[in-house]
Amino acid sequence: MTTHRVRAWDVAEGARRATEAFRAEFGAEPDGVWSAPGRVNLIGEHTDYNGGLCLPIDLPHRTYVAMARTAGDAIALASAQESSGGWRGALADVGPGRVPGWAAYVAGVAWSLAQDGATVGGFAAAVDSCVPYGAGLSSSAALESAVAVGLDELYGIGLADDDPGRARLAQACIRAENEIAGAMTGGMDQTSSLRASAGHALLYDTRDGSVRHLPFDLAAHGLALLVVDTKAPHQLADGQYANRRATCDAAAAHLGVATLREVDPAALDDALARLDAPLPLSGGGSAEPAVLRARVRHVVTEIARVEQFVELLQSDRVAEVGPLMDASHASLRDDYEVSCPELDATVEAARGAGALGARMTGGGFGGSAIALVPVDLVAAVTTAVEQSFADRGYAPPAFLVADAAGPAARDI
Ligand code: GLA
């Protein structure tokens, strides 16, 4: 079996590729190249739209965007990944539902920066990326974040220089994704891509928008974080994601709290007991009591698991986080119902071959899983997952080992 590894380009290669794509499309030199990373979330899944905590790291895999400022407000976009071609339009034309496909993530950022009061005008951009697409590793947030720091510099907005400014850039990216691309995701991915730091996990508190940088050095403990892209198709993702979000919102409203973050874990049973009748969901349909209880139980226990994970990290006991990862996966599979057979098979095979813990990461319904693995067992765990997929007749998965890399930045 040939193992499929997802190679991360170094910055020079990424910048060269994006520059070449720019020259080929526009016959001119870009003003610069900016890039931003994909992410994996260590723990704290489906908590970011519930006022909760999450703990992502940035991947060494980045999306590179060569950009040039242009006169007027014309936008011209090209991507080495998209055979369907680029997009040409004007900033004045950008609005909800008016930009198709991947271009919405790019033009949407310019639109939301302008909505935020920044003076933004026309630009040309060419994109190339080694962030796996559709793998739940935030390729869309990487694209938005790279464009955000590019526009920030091209138009002298000055937000990328400090964390409060980057928080505003992240908000602009989230708004682009929610309103222009039409995906109602939370803010974890953009926040990680813009505000994390190399060698650290990012503790993001979505209740107040604050972040903490926690040293994350697995190699010092003889450990590695293996990421498995299951390649499972996840067509259901959008509707199911929106459904989970609506269910949480309905439960919080019924419990009389702003978000599920406000449900005290010590009083969880009382809260669950109060979810004793179906609730209507925004967007249509309703949720039964058993479903409401399961979703709330996941969110409340998951936030508590993030706190326990952080305590272990801070007391230099990262080798002990495995059971929390396992519990997170079980909760996402059984209570939140966002896993899938390929993710469950990955987690099971990884643990069976010696992983200390494993869980799905990201939104679910396909995408990727992570496993915490002693360095000398990475090959064995990889083989076990491949074998498990082959036995089940699944397409071969892809692998990468994730070190905590750095956030969005200018490359050249
Ligand atoms: C997707 C979304 C994030 C977050 C995760 C689940 O990745 O983009 O905002 O909600 O799912 O934790």
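Scoring rules and cut-offs
- Residues numbered from 1 in each chain as written.
- Predicted model: local features only at pLDDT ≥ 70, side-chain atom pairs only at ≥ 80, totals over all residues.
- Heavy atoms only, no water.
- Near = heavy atom within 4 Å.
- Polar contact = N/O pair within 3.5 Å; in protein donor to acceptor, adjacent residues only side chain to side chain.
- Areas by Shrake-Rupley, 256 points an atom, 1.4 Å probe, with all protein chains shown as cover.
- Nonpolar A, V, L, I, M, F, W, Y, C, P; charged D, E, K, R; others polar.
- Helix = DSSP H or I, 4+ residues; strand = E, 2+ residues; numbered from the N terminus.
- Buried < 20%, exposed > 50% of the residue type's maximum accessible area, 1.4 Å probe, protein only.
- Lys, Arg positive; Asp, Glu negative; His and termini not counted.
- Salt bridge = Lys/Arg side-chain N within 4 Å of Asp/Glu carboxyl O.
- Contact = heavy atoms within 4.5 Å.
- Pairing = 2+ DSSP bridges.
- Core = buried A, V, L, I, M, F, W, Y, C linked by side-chain atoms within 4.5 Å.
- pLDDT = per-residue confidence, 0-100.

1. Topic: the site of the ligand
1) Next: Residues in close proximity to the ligand include Arg-39, Glu-45, His-46, Asp-48, Tyr-49, Thr-185, Gly-186, Met-188, Asp-189, Tyr-241, Gly-362 and Gly-363, which together make up its full environment.
2) Next: Asp-48 is positioned such that a nitrogen or oxygen atom in its side chain is 2.6 Å from an oxygen atom of the ligand.
3) Next: At 3.0 Å from an oxygen atom of the ligand is found a main-chain nitrogen or oxygen belonging to Gly-186.
4) Next: Out of a free accessible area of 310 Å², the ligand has 94% covered by protein chains.
5) Next: Here the residues of the shell around the ligand sort into 3 nonpolar, 5 polar and 4 charged.

2. A word on the side chain of Arg-62
1) Next: Tracing the backbone through its elements, the reader meets Arg-62 in strand β4 (residues 56-69).
2) Next: One buried charged residue, Arg-62, forms no salt bridge at all, with the nearest opposite charge on Asp-411 at 4.9 Å.
3) Next: Among the polar contacts made by the side chain of Arg-62, one reaches the main-chain carbonyl oxygen of Gly-406 at a distance of 2.8 Å.
4) Next: With residues up to four places along the chain from it excluded, the contact list for Arg-62 reads Ser-35, Ala-36, Pro-37, Ser-129, Cys-130, Val-131, Gly-406, Pro-407, Ala-408 and Ala-409.

3. Quick word on the environment of Asp-161
1) Next: Among the secondary structure elements, Asp-161 is positioned in the loop between α3 (139-154) and α4 (163-180).
2) Next: By relative accessible area, which is 70% here, Asp-161 ends up exposed.

4. Quick word on the sheet that holds strand β10 (residues 223-229)
1) Next: Pairing is mixed in the open sheet, where 5 strands are placed in the order β1-β15-β10-β14-β13. If you trace the sheet from one side to the other, it starts and ends with β1 (4-5) and β13 (357-361), each paired once.
2) Next: Bridge count between β10 and strand β15 (residues 398-401): 4 bridges; the pairing is antiparallel. The partner of Asp-229 across the bridge, within β15, is Ala-398.

5. Section: the pairing of strand β8 (residues 200-205)
1) Next: For β8, the tally of buried residues reaches 5 of 6 residues, placing the bulk of the element in the interior.
2) Next: Summarising the sheet, β8 and strand β9 (residues 210-215) pair through 6 bridges and their orientation is antiparallel. Residue pairing across strands places Asp-205 opposite Ser-210, the latter belonging to β9.
3) Next: Remark: 4 residues form the turn of the hairpin made by β8 and β9, two consecutive strands paired antiparallel; Gly-209 in that turn has positive phi of roughly 80 degrees.

6. A closer look at the nonpolar core
1) Next: Ranked by internal contacts, the top residues of the largest apolar core, which has 82 residues, are Val-40, Leu-55, Ile-57, Phe-216, Leu-260 and Phe-309.
2) Next: The greatest single-element share of this core, amounting to 10 residues, is contributed by helix α8 (residues 289-314).
3) Next: Excluding residues that lie within four positions of it along the chain, Leu-55 makes contacts with Asn-41, Leu-42, Ile-43, Ala-201, Leu-202, Leu-203, Leu-214, Phe-309, Val-310 and Leu-313.
4) Next: With 43 residues, the next largest nonpolar core counts Trp-87, Val-149, Leu-169 and Ala-408 among its residues.

7. Concerning the confidence of the model for the protein chain
1) Next: With 99% of its residues at a pLDDT of 70 or more, the protein chain has an overall mean of 97.
2) Next: By mean pLDDT, the top-scoring element of the protein chain is helix α9 (residues 322-334) (99), and the lowest-scoring one is helix α6 (residues 237-255) (93).

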